[in-house]
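Here is what each chain is made of, one letter per residue.
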Amino acid sequence: MTAFTIKVNMGSVISKAVRDIDKFDAEKQKKIRKVIADGTKDVRDKAVELAPKGPTGKLRKGVKSSLVNGEREGIVTSTAPHSALVEYGSNLRVTLPRRKKALKFTWKGKTVWARGAIGTGRMPKKPFLKPAADKVWPKIVKSMEDALK
């Protein structure tokens, strides 16, 4: 299973707090870790909300979050195999017959046979991870500023 991750620059306030977390007292360290945990969960929830709903629901089910590096870093990933295609779109897709010489498919309600490769068009992008991070970001920054006061 391959995970798809978008890295987001944390900005100066959060980067400094995470880098210097050991310099703070235990109470502030706890607050900083809580902001990171809550922010990661909020980004995951927003990504699930923004992800297009398909017939299987695997895209939404595949959005996961975790904390790493001693709870200093939150990671939101999408494990669905087609996550990157949904986020970024695709170029022209081609379908080939698998075991036969011709490809059978339905087009405009009729059964059609075609020999060789069939271009099935481009897949438009429908980003959900990056917009989720962008929408939650101001809340995370404000929470971190409040935790550092």
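Cut-offs and rules
- Residues numbered from 1 in each chain as written.
- Predicted model: local features only at pLDDT ≥ 70, side-chain atom pairs only at ≥ 80, totals over all residues.
- Heavy atoms only, no water.
- Salt bridge = Lys/Arg side-chain N within 4 Å of Asp/Glu carboxyl O.
- Helix = DSSP H or I, 4+ residues; strand = E, 2+ residues; numbered from the N terminus.
- Buried < 20%, exposed > 50% of the residue type's maximum accessible area, 1.4 Å probe, protein only.
- Patch = residues over 30% accessible without salt bridge, like charges linked within 9 Å, V, L, I, M, F, W, Y side chains within 5 Å.
- Areas by Shrake-Rupley, 256 points an atom, 1.4 Å probe, with all protein chains shown as cover.
- Axes fitted to C-alpha atoms, helices over the stretch in contact; angles between N-to-C directions.
- Parallel < 35°, antiparallel > 145°, perpendicular 65-115°, else oblique.
- Left-handed = near helix turned anticlockwise from the far one by under 90°.
- Contact = heavy atoms within 4.5 Å.
- Nonpolar A, V, L, I, M, F, W, Y, C, P; charged D, E, K, R; others polar.
- pLDDT = per-residue confidence, 0-100.

Peer 1: When you look at the pattern of salt bridges in this model, what are you seeing that I'm missing?
Peer 2: Two side chains with opposite charge may pair up if their charged atoms get near one another. Counted according to the given criterion, the structure contains eleven salt bridges. For Arg72, the salt bridge goes to Asp22, with nearest N and O atoms at 2.8 Å. Note that Arg72 is positioned in the loop between strand 2 (63-68) and strand 3 (73-78) and Asp22 in the loop between helix 1 (12-19) and helix 2 (26-50), a separation of 50 residues in sequence. Between Asp45 and Lys41 there is a salt bridge whose closest N-O contact spans 3.0 Å. Of this pair, Asp45 and Lys41 are both found in helix 2, four residues apart, which corresponds to roughly one turn of the helix.

Peer 1: Help me understand unusual backbone geometry, please; the structure alone is not making it clear to me.
Peer 2: If a residue is not glycine, its phi is most likely negative; likewise, a peptide bond is most likely trans. The backbone of Asn69 sits at a positive phi, close to 60 degrees, despite the residue not being glycine. When you line up the elements, Asn69 lands in the loop between strand 2 and strand 3. Take Asn69: its relative accessible area is 52%, and that puts it in the exposed class. The backbone of Glu71 shows a phi angle near 60 degrees, a positive value even though the residue is not glycine.

Peer 1: Before we go on, may I ask you to explain a nonpolar patch on the surface in this structure?
Peer 2: Residues Leu92, Val94 and Leu96 make up a contiguous nonpolar surface patch of roughly 300 Å² in combined accessible area. Looking at where Leu96 falls in the secondary structure, it is placed in the loop between strand 4 (93-95) and strand 5 (102-107).

Peer 1: Even after reading the chapter, I still don't get the packing of helix 2 against helix 5 (residues 129-148), so can you show me in this structure?
Peer 2: Between two packed helices, both the angle of their axes relative to each other and the distance between the axes serve to describe the pair. Direction vectors running N to C along helix 2 and helix 5 enclose 160 degrees, while the axes themselves pass 8 Å from each other. Judged on the interaxial angle alone, helix 5 and helix 2 are roughly antiparallel. By crossing handedness, the relation of helix 2 to helix 5 is classed as right-handed. Between helix 2 and helix 5, the contacting residues are Lys28, Lys31, Ile32, Val35, Ile36, Gly39, Asp42, Val43, Lys46, Ala47 and Leu50 on the first element and Leu129, Pro131, Ala132, Ala133, Lys135, Val136, Lys139, Ile140, Ser143, Met144, Ala147 and Leu148 on the second. Residues that form the contact of helix 2 with helix 5 fall into these classes: 15 nonpolar, two polar and six charged.

Peer 1: Would you explain the side chain of Gln29 in this entry?
Peer 2: Along the chain, Gln29 falls in helix 2. Setting aside its immediate chain neighbours within four residues, Gln29 contacts Ile21, Asp22 and Phe24.

Peer 1: Can you walk me through the confidence of the model for the chain in this structure?
Peer 2: Residue-level pLDDT values for the chain average 86, and 93% of them are 70 or greater. Considering each helix and strand of the chain separately, the mean pLDDT is smallest for strand 1 (residues 4-5), with a value of 66, and largest for helix 3 (residues 58-61), with 94.

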